[in-house]
Amino acid sequence: MKITKLTTYRLPPRWMFLKIETDEGVTGWGEPVIEGRARSVEAAVHELSEYLIGKDPARINDLWQVLYRAGFYRGGPILMSAIAGIDQALWDIKGKVLDAPVYELLGGLVRDRIKAYSWVGGDRPADVIANIRTLQEIGFDTFKLNGCEEMGIIDSSAKIDAAVAVVAEIRSAFGNTIEFGLDFHGRVAAPMAKVLIHELEPFRPLFIEEPVLAEQAEYYPRLAAQTHIPIAAGERMFSRFDFKRVLEGGGISILQPDLSHAGGISECFRIAAMAEAYDVALAPHCPLGPLALASCLAVDFVSHNAVFQEQSMGIHYNKGAELFDYVANKDDFRIEDGWFYPNKRPGLGVEVDEELVIERSKTAPDWRNPVWRLADGSVAEW
Ligand SMILES: O=C(O)[C@H](O)[C@@H](O)[C@@H](O)[C@H](O)CO
Ligand SMILES: [Mg+2]
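Predicted model, so just to flag it, every value in this text is computed and none were measured. (Residues numbered from 1 in each chain as written. Chains lettered and ligands numbered in written order. Predicted model: local features only at pLDDT ≥ 70, side-chain atom pairs only at ≥ 80, totals over all residues. Heavy atoms only, no water.)

(A) Molecular detail of unusual backbone geometry. Following Pro 12, the chain continues to Pro 13 via a peptide bond in cis, the omega torsion being 5°. For Pro 13, the location among the structural elements is in the loop between β1 (3–11) and β2 (15–22). Even without a glycine there, the phi angle at Asp 127 is positive, about 55°. Here Asp 127 lies in the loop between β4 (114–119) and α5 (128–136). (Helix = DSSP H or I, 4+ residues; strand = E, 2+ residues; numbered from the N terminus.)

What follows is the structure, given as structure tokens:
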């Protein structure tokens, strides 16, 4: 079998799908994208296709190493997202050829189901209580919200109190009947992270995500030393070599590699095993589409240390399309009472509605995250 063609489709809300075709009619789908830089990843995918056309899609490990090492310059969000989507599509092809779900090819199920969690509250946490109540009605009991709005490197008690008030309201409304993670989203600088985490301690969030920017990862052990709240990060790390340093540095309790940013199934399967060696949990990041989610689930179902799975139903970014809009076999994504169950279909288990994808790709937006500014007019981390 030989790879014959790569086709990319940028899509609402901010996703990109990749279709890899072969000379035997088997096709594979992946989701290479960096939110806000879809066109850059698209260019990278087509540059990397030079190493793929005419090659045997079964040799995923060799193709992955060539895609990673053939370029003198490597790593980072754009190239590793391009490799991620290609890798996902190659595993999809392999599963279809061997008539087996990817998790079977990776050694079989290590669990019967994996807990899902849902975003609530939007970019600026609002209506959180109502959002949680709505999702509780369909069985969710685990959530994530932004921990704060924009925050200066040194900011006011009023800002801290406003962030804590949202969390206090959740705990007083729901007690310990729900769990919720707080995503600081890299908005908080190290000096304020110490203060904010200290004030949040009594409310026992499930985790604090990106307490500081990934480029400040040396603060993870220092912040972890001051709190009992698990520290989580990973969406802005892109290979084993990024995660190696974070695991060595300590302080991290939950790794959140993104299956569409960190080299795909092959790489994240290896990252999961690295995390387990350090007694660190795995919770793949996934605010994206169905192929990214299916790739996360493939790794979740074979990784002992996987604990819960992010998914984007109802997320504040999904304007113009929802998680399963482009999926023809929606029922194969079985989610019951806030748990995902294994999809038994071969490959990633996603039957892409290609006609709809082609149609919707004609009006794909160039999504960008907002540029926030502080009261003094300086740029704030979003
Ligand atoms: O945890 C999450 O889902 C992420 O922080 C998410 O909010 C961002 O990654 C966003 O997708 C960037 O455009
Ligand atoms: Mg996050």
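(B) Just the coordination of the magnesium ion (ligand 2), in detail. Each protein donor to the magnesium ion (ligand 2) is listed here as Asp 183 (OD), Glu 209 (OE) and Glu 235 (OE); together their distances run 2.0 to 2.2 Å. Sequence spacing of the donor residues for the magnesium ion (ligand 2), all on one chain, is D-x25-E-x25-E. Highlighted residues: Glu 209 in strand β7 (residues 207–209) and Glu 235 in the loop between β8 (231–233) and α9 (240–249), separated in sequence by 26 residues. No difference in accessibility class separates Glu 209 from Glu 235, as the two residues are buried. (Donors = N, O, S within 2.8 Å, 3.2 Å for Na, K, Ca; no water. Buried < 20%, exposed > 50% of the residue type's maximum accessible area, 1.4 Å probe, protein only.)

(C) Seen up close, the UniProt feature "active site" (unreviewed entry) in the protein. The UniProt record marks His 185 and His 285 with the feature "active site" (unreviewed entry), using the residue numbering of this structure. On the basis of their most widely separated C-alpha atoms, the annotated residues across 101 residues gather in one place, lying no more than 12.3 Å apart. Not counting the four nearest positions on each side in its chain, His 185 is found in contact with Asn 146, Glu 209, Glu 210, Arg 236, Tyr 317 and Trp 382. You can see His 285 is positioned in the loop between β10 (281–282) and α11 (290–300). (UniProt positions renumbered as here; feature names shortened; annotations may be inferred. Contact = heavy atoms within 4.5 Å.)

(D) Molecular detail of the environment of Glu 215. Position of Glu 215 among the secondary structure elements: in the loop between β7 and α8 (220–226). Linking Glu 215 and Asp 366, residues 151 residues apart in sequence, is a C-alpha distance of 26 Å.

(E) Looking closely at the UniProt feature "site: Increases basicity of active site His" (unreviewed entry) in the protein. Per the UniProt entry, the sites bearing "site: Increases basicity of active site His" (unreviewed entry) are Asp 258 in this numbering. Inspection of the secondary structure puts Asp 258 in the loop between β9 (254–255) and α10 (264–277). Asp 258 sits in the buried class, given a relative accessible area of 1%. Not counting chain neighbours up to four residues away, the residues in contact with Asp 258 comprise Gly 234, Cys 268, His 285, Cys 286, Pro 287 and Leu 288.

(F) Here's a closer look at helix α2 (residues 60–69). Taken together, the buried positions of α2 are Ile 60, Leu 63, Trp 64, Leu 67 and Tyr 68. Seen end-on, α2 carries its buried residues on one side only, within an arc spanning 130°. Among the structural elements, β1, α1 (38–48), α3 (76–98), α9 and α10 are those in contact with the buried residues of α2. (Arc of directions from axis to C-beta.)

(G) Representation of the side chain of Ser 260 in the model. In this fold, Ser 260 is placed in the loop between β9 and α10. The class for Ser 260 is buried, based on a relative accessible area of 0%. Within the structure, the side chain of Ser 260 is placed 2.6 Å from the backbone oxygen of Glu 31, a separation counted as a polar contact. Setting aside residues up to four positions removed in sequence, Ser 260 forms contacts with Glu 31, Val 33, Ser 81, Ala 84, Gln 88, Leu 288 and Ala 292. (Polar contact = N/O pair within 3.5 Å; in protein donor to acceptor, adjacent residues only side chain to side chain.)

(H) Quick look at the packing of aromatic side chains. The final tally for this structure, using the stated rule, is 16 aromatic pairs. When the ring of Phe 72 is compared with that of Tyr 73, the centres are 5.1 Å apart and the planes differ by 85°; the resulting orientation is edge-to-face. This pair shows no difference in class: Phe 72 is exposed, exactly as Tyr 73 is. The structure contains a cluster of three or more aromatic residues connected by ring pairs, namely Tyr 9, Trp 15, Phe 17, Trp 29 and Tyr 326. A cation over a ring is seen here: Arg 270 above Trp 64, with NZ or CZ 4.8 Å from the ring centre. (Phe/Tyr/Trp six-rings, centres within 6.5 Å; stacked < 30°, edge-to-face > 60°. Lys NZ or Arg CZ within 6 Å of the ring centre and 35° of its normal.)

(I) Examining the nonpolar core more closely. By size, the foremost hydrophobic cluster in this structure holds 113 residues, and its most contacted members are Ile 170 and Leu 196. Once residues within four sequence positions are removed from consideration, Ile 170 is found in contact with Val 128, Ile 129, Ile 132, Leu 145, Gly 175, Ile 178 and Phe 180. Residues Tyr 317, Trp 367, Trp 372 and Ala 380 belong to the second largest nonpolar core, which totals 8 residues. (Core = buried A, V, L, I, M, F, W, Y, C linked by side-chain atoms within 4.5 Å.)

(J) Expanded view of the sheet that holds β2. Spatially, 3 strands are ordered β1-β2-β3 in an open sheet, and the strand pairing comes out antiparallel. One side of each edge strand has no neighbouring strand; the edge strands of this open sheet are β1 and β3 (27–30). On average, adjacent strands in this sheet sit at an angle of 15° to one another, irrespective of strand direction. Pairing between β2 and β3: 4 bridges, direction antiparallel. Within the sheet, the bridge partner assigned to Ile 20 lies in β3 and is Gly 28. Sheet strands touched by α3: β1, β2 and β3. Its angle to β3, the strand with the most contacts, is close to 145°. (Pairing = 2+ DSSP bridges. Axes fitted to C-alpha atoms, helices over the stretch in contact; angles between N-to-C directions.)

(K) Fine view of the pattern of salt bridges. The full count for this structure, using the stated rule, is 20 salt bridges. A salt bridge links Arg 187 to Asp 123; the nearest nitrogen and oxygen atoms lie 3.6 Å apart. Pair noted here: Arg 187 is in the loop between β6 (179–183) and α7 (190–200) and Asp 123 is in the loop between β4 and α5, with a separation of 64 residues, a long-range link. Judged by relative accessible area, Arg 187 falls into the buried class, the value being 2%. (Salt bridge = Lys/Arg side-chain N within 4 Å of Asp/Glu carboxyl O.)

(L) Fine view of the domain arrangement of the protein. Under the domain assignment used here, the protein contains domain 1 (3–100) and domain 2 (104–347). The straight-line distance from the C-alpha centre of domain 1 to that of domain 2 is 25 Å. At the interface, 34 residues of domain 1 touch 36 residues of domain 2. Regarding the contact of domain 1 and domain 2, the summed buried area is about 2700 Å², with carbon and sulfur atoms giving 64% of it. The largest share of the area that domain 1 buries against domain 2 comes from Arg 14, Trp 15 and Trp 91, three residues that together contribute 22% of it. Between the two partners, domain 1 and domain 2, sit 0 salt bridges. For the pair domain 1 and domain 2, the interface holds 17 residue pairs in polar contact (both at pLDDT 80 or more). Elements represented by at least two residues in the side of domain 1 that touches domain 2 include exactly β2, β3, α2 and α3. The leading source of residues in the side of domain 1 that touches domain 2 is α3, at 14 residues. (Domains from an automatic or database assignment. Buried area = accessible area lost by both parts, 1.4 Å probe.)

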